[in-house]
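Report on the structure
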Amino acid sequence: MGQVGGAARSLVRVSDPGPTSRPLADRFGRVHRDLRISVTDRCNFRCTYCMPAEGMDWHPRDHLLTFEELRRVATVCVERFGFDSIRLTGGEPTVRAGLPVLVEQLAALPVDLSLTTNGSTLAAQAGPLRSAGLDRLNISLDSLRADRFEALTRRDELPRVLDGIRAAVAAGFDPVKVNVVVVRGVNDDEIVDFARFGRDEGVTVRFIEFMPLDAEQRWSHEQVVPSAEIVAAIDSVFPTEPVQRGSDPAERHRYLDGGGEVGVIGTVTEPFCSSCDRVRLTADGQLRACLFATDETDLRALLREGGSDDDLADAIARTVGAKWAGHGISNVTFTRPARSMSEIGG
Ligand code: SAM
Ligand code: SF4
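Residues numbered from 1 in each chain as written. Chains lettered and ligands numbered in written order. Predicted model: local features only at pLDDT ≥ 70, side-chain atom pairs only at ≥ 80, totals over all residues. Heavy atoms only, no water.

**Some words on the pattern of salt bridges**
Per the counting criterion, the structure on display carries 23 salt bridges. Residue Arg-36 pairs with Asp-34 through a salt bridge whose shortest N-O separation is 3.0 Å. Under the relative-accessibility criterion, Asp-34 is labelled buried at 6%. Across the pair Arg-136 and Asp-112 runs a salt bridge whose closest N-O atoms are separated by 2.7 Å. In this pair, Arg-136 is assigned in strand E6 (residues 136–140) and Asp-112 in strand E5 (residues 112–117), connecting sequence segments 24 residues apart. Take Arg-136: its relative accessible area is 21%, and that puts it in the partly exposed class. Among the charged side chains, a salt-bridge network with shared partners connects Arg-145, Arg-148, Asp-189, Glu-190, Asp-193 and Arg-196. (Salt bridge = Lys/Arg side-chain N within 4 Å of Asp/Glu carboxyl O. Buried < 20%, exposed > 50% of the residue type's maximum accessible area, 1.4 Å probe, protein only. Helix = DSSP H or I, 4+ residues; strand = E, 2+ residues; numbered from the N terminus.)

**What to know about the side chain of Thr-94**
Within the fold, Thr-94 resides in the loop between strand E4 (85–89) and helix H2 (99–107). Polar contacts involving the side chain of Thr-94 include one to the side chain of Glu-92, which spans 2.6 Å. Reaching out from Thr-94, the side chain makes a polar contact with the side chain of Thr-121 at a distance of 3.0 Å. Sequence-distant contacts of Thr-94, that is, excluding residues within four places in its chain, are made with Leu-99, Leu-115, Thr-117, Thr-121 and Gln-125. (Polar contact = N/O pair within 3.5 Å; in protein donor to acceptor, adjacent residues only side chain to side chain. Contact = heavy atoms within 4.5 Å.)

**Describing helix H9 (residues 309–321)**
The end-to-end C-alpha distance of H9, which contains 13 residues, comes to 18 Å, matching closely the 18 Å that a straight helix rising 1.5 Å per residue would cover. For H9, the complete set of buried residues consists of Leu-312, Ala-313, Ala-315, Ile-316, Thr-319 and Val-320. For H9, the angular spread of the buried residues around the axis is 160°, confining them to a single face. (Expected span 1.5 Å × (residues − 1). Arc of directions from axis to C-beta.)

**Digging into the nonpolar core**
Membership of the largest hydrophobic core comes to 97 residues, with the highest contact counts inside it found for Leu-35, Ile-86, Leu-88, Leu-106, Leu-141, Phe-207 and Ile-234. What Leu-106 contacts, discounting residues up to four positions off in sequence, is Ile-37, Arg-71, Ala-74, Ile-86, Leu-88, Val-111 and Leu-113. (Core = buried A, V, L, I, M, F, W, Y, C linked by side-chain atoms within 4.5 Å.)

**Topic: the site of ligand 1**
Inspection of the region around ligand 1 gives 18 residues, with Tyr-49, Gly-91, Glu-92, Ser-140 and Met-211 positioned closest. Gly-91 is positioned with one of its backbone polar atoms (N or O) 3.0 Å from a nitrogen atom of ligand 1. In the model, an oxygen atom of ligand 1 is placed 2.5 Å from a nitrogen or oxygen of the Ser-140 side chain. Mapped by element, the contributors of at least two residues to the shell around ligand 1 are E5 and strand E7 (176–182). Of the residues that constitute the shell around ligand 1, the class distribution is six nonpolar, nine polar and three charged. (Near = heavy atom within 4 Å. Nonpolar A, V, L, I, M, F, W, Y, C, P; charged D, E, K, R; others polar.)

**Topic: the site of ligand 2**
Lining the immediate surroundings of ligand 2 are Cys-43, Phe-45, Cys-47, Cys-50, Gly-91 and Asn-118. Partitioning the shell around ligand 2 into residue classes produces four nonpolar, two polar and no charged.

**What about the packing of helix H1 (residues 67–81) against H9?**
Contact geometry for H1 and H9: axes closest at 10 Å, N-to-C directions at 75°. As summarised for this structure, H1 and H9 are arranged roughly perpendicular, according to the angle between their axes. Touching Arg-72, Val-76, Cys-77, Arg-80 and Phe-81 of H1 are Asp-309, Asp-310, Leu-312, Ala-313, Ile-316 and Ala-317, all from H9. Of the residues belonging to the contact of H1 with H9, the class tally is seven nonpolar, no polar and four charged. (Axes fitted to C-alpha atoms, helices over the stretch in contact; angles between N-to-C directions. Parallel < 35°, antiparallel > 145°, perpendicular 65-115°, else oblique.)

**Quick look at unusual backbone geometry**
In this structure, the amide linkage connecting Asp-174 to the following residue, Pro-175, adopts the cis form with an omega of 0°. Of note, Pro-175 is situated in the loop between helix H5 (158–170) and E7. Positive phi, close to 60°, is recorded for Arg-154, a residue that is not glycine. Among the secondary structure elements, Arg-154 is positioned in the loop between helix H4 (146–153) and H5. With a relative accessible area of 27%, Arg-154 lands in the partly exposed category. Despite not being glycine, Gln-217 shows a phi value in the positive range, around 55°. As for its position among the elements, Gln-217 is in the loop between strand E8 (204–209) and helix H7 (227–235).

This is how it looks when you write it as structure tokens:
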């Protein structure tokens, strides 16, 4: 949590889970404590597995929740339901103007506050975000080769992202996690290179299976590199042992020689739906009980039509109450959500 996470200044918490706080359980007994907030659908990259090169329809600015609205939803989750974790994401969250101000507001809540970013602005922003009270950083990077990085992101910015990762470490974020989406035939020959990179740079690399959430709908099962295959590739060069998992979606492995940890997130081949504790708020204020949900609850309308905190809490509880058992990506009946990853918030 922020106050013990080593943030650069001491924080005064303005809100604690109140006496009326009750666990937010769904029909399957999963208690929800983790809120993912997308602060924008826009991005300065165009990763091929996420967005098309052109033609994304951005939300009009006035459809995005304001910082005050975001803080209100977050506070209801913490005070009414005892949420203890908030992650900011997008789109690219660091392109939202004034992000450190939002971080400072949310850091006043008794939560572990984290951010997922493509890292391109961190050379300048890591320090201010740390000072504002951000606890943890995940940085996405899918190739260590400049030409491949450019082909994947459609931007020639590998040096900026590497500088950003180093700035995050220098700013005191510990651990810094580097997320790698592995796509068969695209970057699966860099798995060991990334493991070595993590060990050399003192960051925790986590490999993510490619999910059917790309805007261009080109995903296929054949492009998914199973977590077990990723671990085997690493193990053959840098032997590891498994670490106790908890509610973390990442399966963690520790290097036997003390070189740190590596993780795999097997959403497709090893779904962790049975321990999922997350809800997601899109940048335009729609609450989703699952990354793959096909329905949403319009919290923006509630916020802007004078809804009370009780109304918000009821809407959040109803959404979680209707959550399904799992996404069923591998079932023939699986239906892709209408929104892509960058529109939902990964
Ligand atoms: N722009 C930020 C970033 O790239 O870290 C935050 C938003 S991005 C949508 C969040 C995470 O989702 C990133 O780690 C990204 O690599 C991942 N992602 C995007 N599309 C994906 C897909 N189709 N399958 C798996 N992961 C995906
Ligand atoms: Fe942007 Fe992140 Fe999607 Fe890449 S993965 S296009 S950086 S939102």
